[in-house]
Amino acid sequence: MSKFVLVDIKTKGPIKTDLSYISGSAIRGTYINSYIKKNKIKEDISLNKEYRRKLLSNSIRFFDAYPKIDEDYSIPTPLCFYATKDNIKKFSRDKEPIDVVDEFKDTVGEGYQRVNKSEFSIIKDKNLNLISIKKVENLHNCKQIEKENIFRYEAIDKNQDFYTIIQCDDDLANEVKSCLDNQVLYIGGSKSSGYGRCEINVEGIFDYKDIKSKYNISLDDDKSDKVKKLNVFFMSDTIIKDELGNLQSTIPDELLEKKLGVKIIKEKQKEDNPKEIEKLYKASIISKDVKGYNAMWKCKVSSETAIKAGSVITYGYKGELDEEKIEQFEIEGIGSRKNEGFGRILINPKFDVKKCAIYTEKEIERKTVDLSEDSKVLMQSMLNNIVKERENEYLTNIIVESLDGYAKESKRRKIKLKGFPNSQKGRFITVMKDALDILRKDGEKASKEKVSEFKDGLKTKTKYIYENRSEYNLFDLSIKDYLAEIITDKSLKEITETDIEDIKYPEVKGVNYHKSSDYEMKLKLSKMIMEYKIREKGGKK
């Protein structure tokens, strides 16, 4: 008998992944590592029968960790919901709820588009509440001198909540709980670079029905349709192969018939016109390439094609569905790599949804607190650090976006500095530092004069480099024109053409902190760009 350990994961550092969730394979690796350390295991676990069962077999399965907000547990957004094109445009613009239809329940007419604005959603109050996952991209450099050493990591941002479920044999549940509960563990790669730190807490050990109730999804027993329908919802990515190992794009009829004890029907004659055929098989499926890494072998796992989480398939059937068989089939799952979270399904889920909305968190009651002068000084220092970090993150995101981005009009790369002399990069950085120092001491006018003085004082050979837009440019401008642009009233957003969300500054009454002006942000960005580029190999001395 299977038990389900519900685990809460709070990200205290970014999680290195290009996914918008934490994969079951990453959680599995963390658990195995924690188990080995706790039990001081020195031998090869794959050669020990007991450890192989407890850690490597299908006796224990690690589900993907999906977002959790307050006490609401998200699911992959079902791909069966549609709205009119006008409503989707309105939704994107106004963020107000819109009506949706379920293609497996209602007729989807012309002018409708699939609602796929977010990968995850929470079903609540008859709404499909879409949620977003905060992601970050960070630039890093390694110590290798002979190669270009600037590279980027995409990561799930810190301070977000996720939940995972560990399905295991009854006798393993308490051991799983003791290994994870109230722990600080590292999930994913690049731990030495500050990634992966998480607080882990076990919410409880549950039976399957109790776990399923967390999703706000029940079994759909609506029998109003003339034709019996069997809907399969993919709760996770699923890899299905036939007996010869060939990848399949759907669930084989024979498997459904064997597990559920019904006869699958994909088409039938229309009652009003027996010569015409009515198709009963429908599929809203997206496929994706699944990649992986084997830490033991220290190599990448070959990619495979999977049915993406959120996909839905519907069949017709003859016979009677048995709830016990449905539950057992859902517990077993389908396909390969089930111990890494693949192959989770729900049979005939009831999506009680009428509208699509943006998930809104509970309002926090705010209280006014009178701070002492010492507390205000401490708070000011804390706010300055928070704002500095947010501003640096914002500027870093602009750089990351721009390195591979193209200007809207000319379609040139936003940043092109390959071969720009390192000596000039250093000189450029010095000028930006001086301009920032003058800004703080003597004000914006004097600082702009410093930048203008540098720009206008370029000598013949150097001047050519700074004016050669075809070779070197910053945001579709020659370096010299860029310097002229940043001392105008043109905003940072206008110059960089960025769509990155604005910085959210703290709001604390009675406490002042330093918030960079738009001009100061332009200087900081200019300095940071050259600092990143100077670390790359290449560049004339």
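Residues numbered from 1 in each chain as written. Predicted model: local features only at pLDDT ≥ 70, side-chain atom pairs only at ≥ 80, totals over all residues. Heavy atoms only, no water.

A.B. asks: Please explain the overall build of the protein chain as it appears in this structure.
C.D. replies: Counting secondary structure elements, the protein chain contains 14 helices and 33 strands. Once the C-alpha set of the protein chain is aligned to its principal axes, its extents read approximately 85 × 65 × 60 Å. Here the protein chain, with 541 residues, has 45% of them falling under the buried criterion. Intrachain contacts of the protein chain at a sequence separation of at least 6 include 76% that bridge at least 24 residues. Per element, the accessible surface of the protein chain, about 29,900 Å² overall, is 46% carbon and sulfur. (Helix = DSSP H or I, 4+ residues; strand = E, 2+ residues; numbered from the N terminus. Buried < 20%, exposed > 50% of the residue type's maximum accessible area, 1.4 Å probe, protein only. Contact = heavy atoms within 4.5 Å. Areas by Shrake-Rupley, 256 points an atom, 1.4 Å probe, with all protein chains shown as cover.)

A.B. asks: Would you mind going over the packing of helix H11 (residues 460-467) against helix H12 (residues 479-486) with me for this structure?
C.D. replies: A pair of packed helices is characterised by two quantities: the angle between their axes and the separation of those axes. The geometry of H11 relative to H12 is characterised by a closest axis approach of 5 Å and an angle of 75° between their N-to-C directions. One way to sum up the angle between H11 and H12 is to call them roughly perpendicular. Within the contact between the two elements, H11 uses Lys-463, Tyr-466 and Glu-467 and H12 uses Ile-479, Lys-480 and Leu-483. Partitioning the contact of H11 with H12 into residue classes produces three nonpolar, no polar and three charged. (Axes fitted to C-alpha atoms, helices over the stretch in contact; angles between N-to-C directions. Parallel < 35°, antiparallel > 145°, perpendicular 65-115°, else oblique. Nonpolar A, V, L, I, M, F, W, Y, C, P; charged D, E, K, R; others polar.)

A.B. asks: How should the pattern of salt bridges be read in this particular structure?
C.D. replies: Between side chains of opposite charge, pairing is possible as soon as their charged atoms come close. What the rule picks out here adds up to 38 salt bridges. Among the salt bridges present, the one from Asp-99 reaches Lys-355, with a minimum N-O distance of 2.6 Å. With Asp-99 in strand E8 (residues 98-99) and Lys-355 in strand E31 (residues 355-358), this residue pair connects regions lying 256 residues apart in the sequence. In this structure, the salt-bridge partner of Lys-414 is Glu-401, at a minimum N-O distance of 3.9 Å. Here Glu-401 lies in helix H8 (residues 373-403) and Lys-414 lies in the loop between H8 and strand E32 (415-416), a separation of 13 residues in the sequence. On the basis of relative accessibility, which here comes to 6%, the residue Lys-414 falls in the buried class. When salt bridges with common partners are traced through the structure, they connect Asp-8, Lys-10, Lys-68, Asp-161 and Glu-203 into a single cluster. (Salt bridge = Lys/Arg side-chain N within 4 Å of Asp/Glu carboxyl O.)

A.B. asks: Explain the environment of Lys-40 to me, please; I cannot follow it from the model alone.
C.D. replies: You can see Lys-40 is positioned in the loop between helix H1 (24-38) and helix H2 (49-56). Sequence separation between Lys-40 and Ile-429 is 389 residues, and the spatial gap between their C-alpha atoms is 51 Å.

A.B. asks: What am I meant to see in a negative patch on the surface here?
C.D. replies: Taken together, Asp-221, Asp-322, Glu-323 and Glu-324 make up a surface patch of like negative charges. Take Asp-221: it is sitting in the loop between strand E18 (218-219) and strand E19 (229-234). Among the residues examined, Asp-221 registers a relative accessible area of 58% and is labelled exposed. (Patch = residues over 30% accessible without salt bridge, like charges linked within 9 Å, V, L, I, M, F, W, Y side chains within 5 Å. Lys, Arg positive; Asp, Glu negative; His and termini not counted. Charge placed at Lys NZ, Arg CZ, Asp CG, Glu CD.)

A.B. asks: I keep staring at H11 and nothing clicks. Help me out?
C.D. replies: For the α-helix, the turn length of 3.6 residues means that residues three or four positions removed from each other point alike. Residues of H11 that are buried include every one of Thr-462, Ile-465 and Tyr-466, and no others. For H11, the angular spread of the buried residues around the axis is 95°, confining them to a single face. Of the exposed residues in H11, those oriented more than 90 degrees away from the buried face are Thr-460, Lys-461 and Tyr-464. Tucked into the core, H11 has its buried residues touching helix H9 (422-442), helix H10 (444-456) and H12. (Arc of directions from axis to C-beta.)

A.B. asks: Teacher, can you tell me more about the nonpolar core here?
C.D. replies: A general feature of soluble globular proteins is that nonpolar side chains tend to end up buried together. Among the nonpolar cores identified, the biggest contains 71 residues, and Ile-9, Ile-22, Tyr-31, Leu-180 and Phe-351 are the most heavily contacted of them. The contacts of Ile-22, once residues within four sequence positions are left out, are Ile-9, Thr-11, Ile-15, Ile-27, Asp-64, Ala-65, Ile-156, Phe-162 and Ile-187. In this structure, Tyr-466, Tyr-482, Leu-483 and Ile-495 belong to the second largest nonpolar core, which totals 40 residues. (Core = buried A, V, L, I, M, F, W, Y, C linked by side-chain atoms within 4.5 Å.)

A.B. asks: Mind showing me how you'd approach the environment of Ile-347 here?
C.D. replies: Residue position: Ile-347 is located in strand E29 (residues 345-347). For the pair Ile-347 and Ser-74, spaced 273 residues apart in the sequence, the C-alpha separation amounts to 18 Å.

A.B. asks: Any chance you could explain the side chain of Arg-28 here in plain terms?
C.D. replies: Tracing the chain through its elements places Arg-28 in helix H1. We note that Arg-28 is buried and unpaired, the nearest opposite charge coming from Glu-340 at a distance of 4.2 Å.

A.B. asks: Where do I start with the sheet that holds E8 in this structure?
C.D. replies: The strands making up a sheet associate through backbone hydrogen bonding, with each pair oriented either parallel or antiparallel. With respect to topology, five strands assemble into an open sheet ordered E6-E11-E12-E31-E8, the strand pairing being mixed. Edge positions in the open sheet fall to strand E6 (75-76) and E8, since each of these has one partner strand only. Bridge analysis of E8 against E31 gives two bridges, and the strand direction is antiparallel. Counted as the bridge partner of Ile-98 is Cys-356 from E31. (Pairing = 2+ DSSP bridges.)

A.B. asks: How should the pairing of strand E7 (residues 81-84) be read in this particular structure?
C.D. replies: Look at any regular strand and the pattern is simple: side chains alternate between the two faces of the sheet. As defined by bridge partners, E7 adjoins strand E9 (residues 101-102) across two bridges and the pair is classed as antiparallel. Residue Tyr-82 lies in a different strand from E9, and its bridge partner there is Val-101. Note that E7 and strand E10 (residues 112-114) share three bridges and pair antiparallel. Note on E10: the bridge partner recorded for Ala-83 is Gln-113.

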